[in-house]
Amino acid sequence: MEAQTALWNGRAGAAWVSAQAMLDEVFRPFEDLLAAAVRGGGRVLDVGCGAGSTTVAAARKAGPGGRCVGVDIAAPMIAAAADRAGREGVPAVFVQADAQEHDFGAAAFDTIISRFGVMFFADSVRAFTNLRRAAAPGALLRAVTWRGVEENPFMTTAERAAAPLLPSLPRRRPDAPGQFAFADPAKVRGILRDAGWTAVDIRPLDVPCAFPEASLVPYFTRLGPLGLVLGDVAEPARTRIVETVRAAFAPFVVDLPAGAEVRFTAACWQVDAHAPTV
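Quick caveat, the model's predicted, so the values are computed rather than measured. (Residues numbered from 1 in each chain as written. Predicted model: local features only at pLDDT ≥ 70, side-chain atom pairs only at ≥ 80, totals over all residues. Heavy atoms only, no water.)

> How should I be thinking about the side chain of Thr221 in this particular structure?
Inspection of the secondary structure puts Thr221 in helix 10 (residues 216–222). Exposure remark for Thr221: the relative accessible area of 15% places this residue in the buried category. One polar contact links the side chain of Thr221 to the main-chain carbonyl oxygen of Pro218, over a distance of 3.4 Å. What Thr221 contacts, discounting residues up to four positions off in sequence, is Gly227, Leu230, Arg238 and Val242. (Helix = DSSP H or I, 4+ residues; strand = E, 2+ residues; numbered from the N terminus. Buried < 20%, exposed > 50% of the residue type's maximum accessible area, 1.4 Å probe, protein only. Polar contact = N/O pair within 3.5 Å; in protein donor to acceptor, adjacent residues only side chain to side chain. Contact = heavy atoms within 4.5 Å.)

> What is the right way to look at the packing of helix 8 (residues 153–162) against helix 12 (residues 237–248) in this model?
The description of two helices packed together rests on the angle between their axes and the distance between the axes. It is the contact of helix 8 with helix 12, at a shortest axis distance of 9 Å, that shows an interaxial angle of 135°. Considering their axes alone, helix 8 and helix 12 lie oblique with respect to each other. Crossing of helix 8 against helix 12: the hand is right-handed. Contact with helix 8, carried on its side by Thr157, Ala158, Ala161 and Ala162, involves Ile241, Thr244, Val245 and Ala248 of helix 12 and no other residues of that element. Looking at the contact of helix 8 with helix 12 residue by residue, the classes come out as six nonpolar, two polar and no charged. (Axes fitted to C-alpha atoms, helices over the stretch in contact; angles between N-to-C directions. Parallel < 35°, antiparallel > 145°, perpendicular 65-115°, else oblique. Left-handed = near helix turned anticlockwise from the far one by under 90°. Nonpolar A, V, L, I, M, F, W, Y, C, P; charged D, E, K, R; others polar.)

> Mind showing me how you'd approach the packing of aromatic side chains here?
What describes a pair of aromatic rings is the distance from one ring centre to the other and the angle between the planes of the rings. Inspection of the entire model under this criterion finds 16 aromatic pairs. For the pair Phe27 and Phe30, a centre-to-centre distance of 6.0 Å together with 55° between the ring planes defines the contact as tilted. By the burial criterion, Phe27 is buried, and Phe30 matches it. Ring centres of Phe116 and Trp146 lie 4.3 Å apart, and the angle between their planes is 10°; this geometry places the pair in the stacked category. (Phe/Tyr/Trp six-rings, centres within 6.5 Å; stacked < 30°, edge-to-face > 60°.)

> I tried to follow the pairing of strand 3 (residues 92–96) on my own but got confused; where do I start?
Two faces belong to every sheet, and in a regular strand the side chains alternate between them. Relative to strand 3, strand 2 (residues 67–72) runs parallel, the two being bridged by five bridges. Within strand 3, the residue paired with Gly70 across the bridge is Phe94. Taken together, strand 2, helix 6 (residues 75–88) and strand 3 constitute a β-α-β crossover, and its handedness is right-handed. (Pairing = 2+ DSSP bridges. Right-handed = clockwise from strand over helix to strand, strands pointing away.)

> Which parts of the structure should I look at to understand the packing of helix 7 (residues 124–134) against helix 9 (residues 185–194)?
One can describe the packing of helix 7 onto helix 9 by two numbers: an axis separation of 8 Å at closest approach and a directional angle of 50°. With respect to helix 9, the element helix 7 is oriented oblique. Considering only the axes of helix 7 and helix 9, their crossing is right-handed. Contact with helix 7, carried on its side by Ser124, Val125, Phe128 and Thr129, involves Ile191, Leu192 and Asp194 of helix 9 and no other residues of that element. For the contact of helix 7 with helix 9, the per-class residue count stands at four nonpolar, two polar and one charged.

> Whenever I open this one, helix 6 confuses me. Can you help?
Residues that lie three or four places apart on an α-helix share one face, since the helix turns once every 3.6 residues. Look at helix 6: 20 Å from first C-alpha to last across 14 residues, which is about the 20 Å you get at 1.5 Å a residue. Residues Met77, Ile78, Ala80, Ala81, Arg84 and Ala85 constitute the buried set of helix 6. End-on, the buried residues of helix 6 take up no more than an arc of 165°, which puts them together on one face. In helix 6, the exposed residues that point more than 90 degrees away from the buried face are Gly86 and Arg87. (Expected span 1.5 Å × (residues − 1). Arc of directions from axis to C-beta.)

> Teacher, can you tell me more about the pattern of salt bridges here?
When the charged atoms of two side chains lie near each other, side chains of opposite charge can form a pair. One pass over the structure, following the stated rule, counts 15 salt bridges. For Arg84, the salt bridge goes to Asp24, with nearest N and O atoms at 2.4 Å. With a gap of 60 residues between them, Arg84 in helix 6 and Asp24 in helix 3 (residues 20–26) connect regions that are remote in the sequence. In this structure Arg84 comes out as buried when scored by relative accessible area, which is 7%. Salt-bridge contacts for Asp201 lead to Arg203; the nearest nitrogen and oxygen are separated by 2.4 Å. Among the residues examined, Asp201 registers a relative accessible area of 26% and is labelled partly exposed. Taken together, the shared-partner salt bridges in this structure form one network comprising Glu25, Arg28 and Glu31. (Salt bridge = Lys/Arg side-chain N within 4 Å of Asp/Glu carboxyl O.)

Below, the structure is given as structure tokens:
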């Protein structure tokens, strides 16, 4: 987990915070899906809460009688999340910690949610066992994770286009913690079963996403494997890479009267499970 901690407390975490407004808009449809799992007055844990948009949405749904906690390993994101909750007057609590190891207390939550935050654990069975201990009897776990690389071409366009020009570009390992680590639903079922969760339900979720074309270059130059290394590339190579990658995104750009948009489909899993009742 040390590598993930270093990554998200360094350049990756800072990049996500800087792109917070755009990412919130792109992934807003998932907020409604996760907030729907929250009951009024409920106790909610948001795993891998990032900059806090899903935690804030859950806190609003839980209402004044509820309790919402967001956890993330990234200090920059936790700071941004706490700032957001304060600005918006939402009583959410944020904790910088590794959810795989952190002691949340026994049976402390009625609902555990996560938007793209549970694929990064070093030991997924251990992590979900820890989360199950934090879950009250019968508590609902609802997580959204990515399906496979082949079903999400938008997500790898930048690195595929840049790879011939950038030999140092980090390569994804399908067996390693990361964005697509939960692509195989059988693997996810096994993890949850071994961690003691019951009534596991995994269903495909295809979500249309969009953002202004003007945000496309900032998006791929800050985020993902390319964003991690592009800042170290000198000119004129950097300009050539950016131009090449921008051209590769052409199939996702739609011209509209109000201005061009980037559109793609997020191919995900909705993963539901319950803590045992006894």
